[in-house]
Amino acid sequence: MWRLLQLDTILADAGLSRRAQLLSEVITLNRLVQPAAEHAMPDWIRRTALADTLGRDFTALSDEALYRNLDRLHPQRARIEQALAARERTLFNLDDTIYLYDLTSTYFEGRCPHNPQAKRGYSRDHRPDCKQVVIGLVLDRDGFPKAHEVFDGNRHDQTTVEDMLTRLEERTGRQGGATVVVDRGMAFAANLAQIRARGHHYLVAARYPERGAHQEAFADAADWTEVIRVPSPRNPGQKKTRVFIKRQTVGDEVHILCRSAARIDKDRAIRDTHEQRLLADLGKLQTRVARGRLRDPAKVQEAIGRLKERYPRVARYYVITHDATTGAVSWTEQAENKTAASALDGTYLLKTDRQDLADDEVWRLYILLTRVEGAFRALKSPLMERPIFHHLEHRVQTHIFLCVLAYHLLVAIEKRCLDHGRHTSWATLREQLSTHQVATVILPTLDGRLLKIRKASTPDDVHRDIYRDLQISPEIMKPVKTWTTSR
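Residues numbered from 1 in each chain as written. Predicted model: local features only at pLDDT ≥ 70, side-chain atom pairs only at ≥ 80, totals over all residues. Heavy atoms only, no water.

**With respect to the overall build of the protein chain**
Thinking step 1. Regarding its fold elements, the protein chain presents 18 helices and 14 strands.
Thinking step 2. The contacts in the protein chain between residues at least 6 apart in sequence include a share of 65% that link residues at least 24 apart.
Thinking step 3. With 76 positive and 64 negative side-chain charges, the protein chain shows a separation of 5 Å between the mean positions of the two kinds. (Helix = DSSP H or I, 4+ residues; strand = E, 2+ residues; numbered from the N terminus. Contact = heavy atoms within 4.5 Å. Lys, Arg positive; Asp, Glu negative; His and termini not counted. Charge placed at Lys NZ, Arg CZ, Asp CG, Glu CD.)

In structure tokens:
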């Protein structure tokens, strides 16, 4: 697949030498097969059949050579990503009119004093104790990466949209005309204006408070339509949750009201958990004030403000007050607000400026964002992008770039399988192909010499089926015979 994507040519055009191309290839293949740190990678390469399949000698390969290669790759990342996206668009006839954008975070081991991007922020990995960077990734509707960017670890989602739109134009050369799909963390009015200013359309999940404007429409049982959902070919017995949608027009926007029975319990559980935490923290604050450990009224108000900021989903159900005369902290539940919020459990709102889309098409385009989430899971799990052990900024960025490069290969492999009716994942393919190996057969002769035959095992039927779908020859290598006088 590396050769099919013409990555050697792309790297050569970016100014990398033949050796740098080879080192980039083996690092990327390591991410796909058995991810390892650079200092452990040379030993891994020598234990595998990479030397046989690539026709190269890696006996003298050192981890220092791999580190130096990271330094050479760093300034060429954008150029490589641009050329690779163009190659994939031609090879797989990809749709270039839908862009899916989302963010994730990835954390470091260590203090990272020499990386200005390593900062503490909202951790999607549930590791607030570690410094991190934020990664923005844009995919097309088929799941192929179009652009990625590494942001500071404390960067807020909504502040990244303008920068990512610029990167996207640089990588794809497209100036407007596409539809950008983002989640509610980037659904602010300023973000939508940025997307429109670049000539694109938008499709976003509205922020939760915006549902209040459609309270009556959500409560009205009329005009709801069920979305027809087909089970995944990987799991024909899968039971899809039922989703109902309703169309509303607000100015020049189309609003799609969505209701999912499966989300009702989830929303209720999230709200109850946040409410219990808020009340517990209010109790702690009340005790601190009552015992005189916090007396300054301004400090008390700051503490109340921090709690409201920490629990915005449920803080609006309570009026929290501090009596400066008595020093007491108290709170009163706003039952009406809480009841109104409960009525919206299991609902969400989609917004788009495209009037030509059918109701269910808007919903299906938004659900494509799960492909970005899937890409992040692939980067973090089988490709082992986290935790990051590099501490220099340029090496961290190159490490993430190589993980994205490996993901290009992963999605290309899965796409080719899908085009041939094989609904599978790279993790499954990797496990199935792991039994097709290269071995050395040693035959002693009567004169004391040894005949060593290096050859691939005979592929099983499952191996042949996979190679046929991928249009790859099942002959991994031609047998190599060598004579020696000892083992």
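After presenting the structure, the write-up continues.
**Side note on the side chain of Q117**
Thinking step 1. As for its position among the elements, Q117 is in the loop between β1 (98–107) and β2 (132–139).
Thinking step 2. Not counting residues within four places of it along the chain, the set of residues in contact with Q117 comprises Q132, V133, V150, F151, D152, G153, E393 and Q397.

**Concerning the pairing of strand β4 (residues 179–182)**
Thinking step 1. Residue alternation in β4 divides its side chains into two sets, T179 and V181 and V180 and V182, and both sets are buried.
Thinking step 2. Relative to β4, β1 runs parallel, the two being bridged by three bridges. Paired with Y99 across the strands is V180, a residue of β4.
Thinking step 3. By the bridge criterion, four bridges tie β4 to strand β5 (residues 201–205) in an arrangement that is parallel. In the strand pairing of β5, V180 is matched with Y202.
Thinking step 4. Remark: the β4/helix α8 (residues 189–197)/β5 crossover connection has right-handed handedness. (Buried < 20%, exposed > 50% of the residue type's maximum accessible area, 1.4 Å probe, protein only. Pairing = 2+ DSSP bridges. Right-handed = clockwise from strand over helix to strand, strands pointing away.)

**Here's the deal with the sheet that holds strand β13 (residues 450–456)**
Thinking step 1. Across the sheet, which stays open at both edges, the three strands sit in the order β12-β13-β14 with antiparallel pairing between neighbours. At either end of the open sheet lies a strand with only one pairing partner, and these are β12 (438–444) and β14 (480–484). Strand-to-strand twist in this sheet, taken as the mean axis angle between neighbours without regard to direction, amounts to 20°.
Thinking step 2. In the sheet, β12 pairs with β13 via seven bridges, with the strands oriented antiparallel. Across the sheet, V441 pairs through a bridge with I453, a residue of β13. (Axes fitted to C-alpha atoms, helices over the stretch in contact; angles between N-to-C directions.)

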